[in-house]
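Structural overview
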Amino acid sequence: MMFGRKRNGIDFSAEIQAHLENETARLREQGMSEEEARAAARRAFGNVTRTQEKFYEASRWMWWDHLKQDVRFGVRMLGRSPGFTAVVVLTLALGIGANTAIFSVVYAELMKPLPYAGSGRILNVFQQHPPDDGGFAWSYPNFEELRDQNHVFTAVAGAARHQLTLTGRGEPSVVNVADVTGDFFALFDASPLAGRFFYQEDARAGAAPTVVISENLWRSELGADPRIVGTTIDLDKRAFMVIGIAPAGFCFPLFPSVTVPPQVWIPIVQDPVFGPRTERRTGHLVQVTGRVKPSVAMAQVQADMDDLSDRLAKEFPAVNQGWQIRLAPLREMIVENVKSPLLVLLGAVGLVLLIACANIANLLLARATSRAREIAVRTTLGAGRARIVCQLLTETAVLTLLGGVAGVLLARWGAAGLSALLPTDIPRVNEIGIDYSVLGFALLLSVLVSGAAGLVPAFYMAKANLQESLREGGGRNGASGKGRRARNFFAAGEIALAVVLLVGAGLLLRSFAKLLSVNPGFEVEHIVKAEISLPQAQYSKPQQWAAFADDLLKRVQSEPGMQETAMALPMPLADQQVNLSFDILGRPAASASEARQANYVSVSPEYFRVMGVPLLEGRIFDAHDVMEASRVTIISKGLARTYFPNEDPLGKQLSFAFPQGVVGGVAREIVGVVGDVRGVALGADPGPILYVPYAQEPLWGAGLLVKSTLSASGVGATIRQDVEKIDRDLPISQFGKMTDAVEASVAEPKVRAFLLALFAAMALILAATGIFGVISYSVACRTNEIGIRMALGASRSVILRMISWETATLTLAGLAVGLVGALAATRLLGHMLFGVKAYDPATLTAVALILGAVAAIAGLVPMRRAMGVDPLVALRHE
């Protein structure tokens, strides 16, 4: 009979059989028969084997018993020190909670998979004109060439965006429109909530007007009518049949800088604004996205696009010569503007966690050294070094678990706060939250913190000298050289990390302060803005646009307290700017690398007075600048300085047109020069601007700017009444105060500065706590030494200098290391600063003074305690 055994994958059958044979031989020598000897050997070996198996099974679970014992002991020890436990748990909760909250944002923005099947194969496809680094949309005929001639995409879709007026469903409203091509929904593999999406036939010229509506619009504006599919809605006074409803979860990724989701989708050829322009090869209208075939590499895609750009340049050189095709993964385009700031914030909050770890390590080291006698006794009674380390690490793990749970609860609140705090133009901001991936990050972070904060104290105490520990009191053992050096190292490290954060926060705060002090070039206070869109089906001619604007302007200006009213489109800071190329008559045409470009603004004559834009030369527009009169323009100071240096620009003629390339350039005489205006963003340099009279070049809408001391709500109600007197079906959009537009333009730097300042404040508090703890513990450990010094004649001022020198040494060491690290780290902030250099002496000096003052305050209580020591009591101190 074979007693086969396997342990840890090894078969011991041969060894067991050999033992049986030896035992049988021994029993036969004692006079037993062969059969009796074998039976007795099997019985004896079976009893031994069962005993060994029981011992083996017991040893397998011994580690679990030790763990349970260590956890129970650790919980009892922590319960005896509620103050210590509370401080550590709170510190961990702040560190883990802040990191988890910021990670929830980073994960949602940079790491969370896009909600499209095979999103890694979806590319944005741009046309690019070197040396311009940006990407441009496509003309619709060029898009058709790409769609029909490429060999690398399974589907190619294009889209444009603007707004239309929804009427016939209660109050008129402006809806966000996405003009799309036939393959748009198929490219993203989307499924309708009801009805269907577009077929290719819907996207062809001459097809019946159809529309897909969003679930949000269906519920909010259309009453969630279950029979909506198959009925019509009026967009710009034109009937569109509803063929489907897009679910609320379907997001629109073609415009990364635009986070306001579309409310309706219509075929681009059916759009009243862009439809007529789809036949023109001039202009850049359609944003293009393509899904790459599974077997095609990126190099092959780029090669195919290069071939296409060469063909377009040869066949249509007038509009495609010199243009290239650039590819970019969809995810990169979505996060390109937020990636760097988010990583900086994640790094900053990581430094806070490191400071928290150093603080906790210092507290644990102090606590472990005060338990030196206990650990020495346990070692003397037979506990091995590994057993001691496991016990101390288990206590740290219990603390970390409590801190991690509190941190996750804090992170839930923090993530909700960040969602509300972040600017609404950040992509995927509505997806920020605590999900399983973020919880996994918090768990991993807790494990890492447990190891980082607990290993050094645990190994330090496991290697302590037994005789010295048994001879000395726990408090005096803490004053040994190794323990003091370790605590000083952690405290200095906290200061160094705090310096890095304080310098970064200081730079961003100074940058934000300078940004707020910037003069935008126009008046902001008491300015109210509003836009009125005109339906193209009803207001199809420029003469109608001009007549509407003139009528509305006269009505509003006749209202009490609203005489200071003007018209402008686009409005500075509030609207996306229109950039046009222009020529200077009498000069050679500019080369492709030196194209003359400026922002285009159509204004009424009152604009410059209402907005406070100063006239520097010439004249402003007047009532004579109408369509029948000669074309004129006013240029900004920046445009005059760039293109007319050392000469008078008045009387010169420029040639440009809007929409660009529609009928070629129109010659306009420069009649005035006005001050620069920051029209794009408060932090962006003023660009060159071309102003044209609204009466000569009206747009399909009215942008009102009212300067009034009346309340904004009162101004809005009056505008609403005046618009209804002209046309009850015209909605008012973009209503608000100009101060709100200014604040919105600085929202992102404001959030960055606020969050980094918050993290820096946390770091400063933690560093101050670390200094206080180190100096306090040092005084407590050196009470006997202080008593001896005072008994031998040392004055209180000598004791004060001794403790002050220890505080100053820690602070100066941390400052020296921290300033070097800050100088290296601020390079990452260079592109986020405005008006401040990364190596700003004022910021570095202020941080050094602040930390020095905080360190002095943190050491004040221990210093007073040291000076108040009674020599007689100190000499008996153990």
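Please refer to the structure placed before this passage.
Remember, it's a predicted structure, so these values are computed and weren't measured experimentally.

Take the packing of helix α18 (residues 542–557) against helix α21 (residues 712–726) next. A packed helix pair is summarised by two numbers, namely the angle formed by the two axes and the spacing between the axes. The geometry of α18 relative to α21 is characterised by a closest axis approach of 10 Å and an angle of 135° between their N-to-C directions. Taken together, the axis directions place α18 and α21 in an arrangement best described as oblique. Here α18 and α21 pass one another in a crossing that is right-handed. Contacts from F548, D551, L552, R555 and V556 in α18 reach D722, V723, K725 and I726 in α21. Residue composition of the contact of α18 with α21, grouped by class: five nonpolar, no polar and four charged.

Here the focus is the side chain of R678. Within the fold, R678 resides in the loop between β21 (666–674) and β22 (689–693). Notably, R678 is buried but unbridged: the nearest opposite-charge side chain belongs to D685, and the N-O separation is 4.3 Å. Polar side-chain contacts of R678 include one of 2.9 Å to the backbone oxygen of A684. Sequence-distant contacts of R678, that is, excluding residues within four places in its chain, are made with V518, N519, P520, F522, L573, G683, A684, D685, P686 and F834.

Right, let's talk about the nonpolar core for a bit. Counting 123 residues, the largest nonpolar core has W265, Y607, F608, Y691 and F759 as the members making the most contacts within it. Examining the composition of this core, we find that 16 residues originate from one element, helix α23 (residues 747–781), more than from any other.

This next bit is on helix α25 (residues 796–825). Between the first and last C-alpha of α25 there are 42 Å, a value that for 30 residues agrees with the 44 Å anticipated at 1.5 Å per step. Within α25 the residues assigned to the buried category are I799, M802, I803, E806, T807, L810, T811, G814, L815, G818 and A822.

On the surface, L90, L94, L410 and W413 cluster together to form a nonpolar patch covering roughly 420 Å² of accessible area. When contributions to the nonpolar patch are tallied by element, the ones reaching two or more residues are α4 (82–111) and α13 (385–421). Within the fold, L94 resides in helix α4. Take L94: its relative accessible area is 34%, and that puts it in the partly exposed class.

Thresholds applied
- Residues numbered from 1 in each chain as written.
- Predicted model: local features only at pLDDT ≥ 70, side-chain atom pairs only at ≥ 80, totals over all residues.
- Heavy atoms only, no water.
- Axes fitted to C-alpha atoms, helices over the stretch in contact; angles between N-to-C directions.
- Helix = DSSP H or I, 4+ residues; strand = E, 2+ residues; numbered from the N terminus.
- Parallel < 35°, antiparallel > 145°, perpendicular 65-115°, else oblique.
- Left-handed = near helix turned anticlockwise from the far one by under 90°.
- Contact = heavy atoms within 4.5 Å.
- Nonpolar A, V, L, I, M, F, W, Y, C, P; charged D, E, K, R; others polar.
- Buried < 20%, exposed > 50% of the residue type's maximum accessible area, 1.4 Å probe, protein only.
- Lys, Arg positive; Asp, Glu negative; His and termini not counted.
- Salt bridge = Lys/Arg side-chain N within 4 Å of Asp/Glu carboxyl O.
- Polar contact = N/O pair within 3.5 Å; in protein donor to acceptor, adjacent residues only side chain to side chain.
- Core = buried A, V, L, I, M, F, W, Y, C linked by side-chain atoms within 4.5 Å.
- Expected span 1.5 Å × (residues − 1).
- Patch = residues over 30% accessible without salt bridge, like charges linked within 9 Å, V, L, I, M, F, W, Y side chains within 5 Å.
- Areas by Shrake-Rupley, 256 points an atom, 1.4 Å probe, with all protein chains shown as cover.

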